Amino acid sequence: MRWLVFIVPLVLVFILYALFNAIGTPQHRVRSLPKGVWIAAIIVLPVVGAVLWLTLGSDKTAPAPTPRGQGPDDDAAFLERLNLERDRKKMRQDALRREKELEAREAALREREQAAERDRQRGNAEAVNPHRDSSGPGQHDDGQPGSGQPGDVEDSDGGERP
């Protein structure tokens, strides 16, 4: 009878261990019967249920499936948004670059137009007065009458005639 003092607490600890082990085991690691049936078996048939649970019901070898969260590199929607943002940014940069090129072309064109207008104004001024100097009309730079153009003949009154 003395040995019962040691055996009963050990059996009680064994049963409680099996019961808490069954309660704490995830459903995917339970074999043979549903988890609730195993818990009921341990309570109704304490020693036999505990032994059966530890030998047949609990799967200690099966790796627990790790719930793997989906990272941003695995998310197709995230990658699509990232590609769209990258494309939009590239399109904005291209549009800005093209706009700057157009502005530069327009500035060059305006400059050419202004230069042509200045040349036209000079040409008109030279056509009206081909020699811009202090000598009077119809006189050369050397003070002689006539424009100095070939084919010009002087009038008898000192003017030119073509």
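Scroll up to find the structure this text is about.
First, a word on what this report is: a plain description of the structure on this page.

## Points about the overall build of the chain
The secondary structure content of the chain amounts to four helices and two strands. Along the chain, helices (α) and strands (β) appear in the sequence α-α-α-α-β-β when read from the amino end. The buried share among the 162 residues of the chain stands at 11%. Expressed as a percentage of contacts within the chain between residues at least 6 apart in sequence, the contacts between residues at least 24 apart total 38%. On the chain, roughly 13,100 Å² of surface is accessible, and the fraction owed to carbon and sulfur atoms is 60%.

## Structural notes on the pattern of salt bridges
As enumerated under the stated definition, the model contains five salt bridges in all. Between Arg-97 and Glu-101 there is a salt bridge, with the nearest N and O atoms lying 3.1 Å from each other. Residue Arg-97 and its partner Glu-101 are located together in helix α4 (residues 76-128), separated by four residues, close to a single helical turn. For Arg-97, a relative accessible area of 42% corresponds to the partly exposed category. The exposure class of Glu-101 is partly exposed, given its relative accessible area of 36%. With a shortest N-O distance of 3.3 Å, Arg-122 and Asp-119 are connected by a salt bridge. One end of the pair, Arg-122, and the other, Asp-119, are both in helix α4, three residues apart, so they sit about a helical turn from each other.

Basis of the calculations
Residues numbered from 1 in each chain as written. Predicted model: local features only at pLDDT ≥ 70, side-chain atom pairs only at ≥ 80, totals over all residues. Heavy atoms only, no water. Helix = DSSP H or I, 4+ residues; strand = E, 2+ residues; numbered from the N terminus. Buried < 20%, exposed > 50% of the residue type's maximum accessible area, 1.4 Å probe, protein only. Contact = heavy atoms within 4.5 Å. Areas by Shrake-Rupley, 256 points an atom, 1.4 Å probe, with all protein chains shown as cover. Salt bridge = Lys/Arg side-chain N within 4 Å of Asp/Glu carboxyl O.

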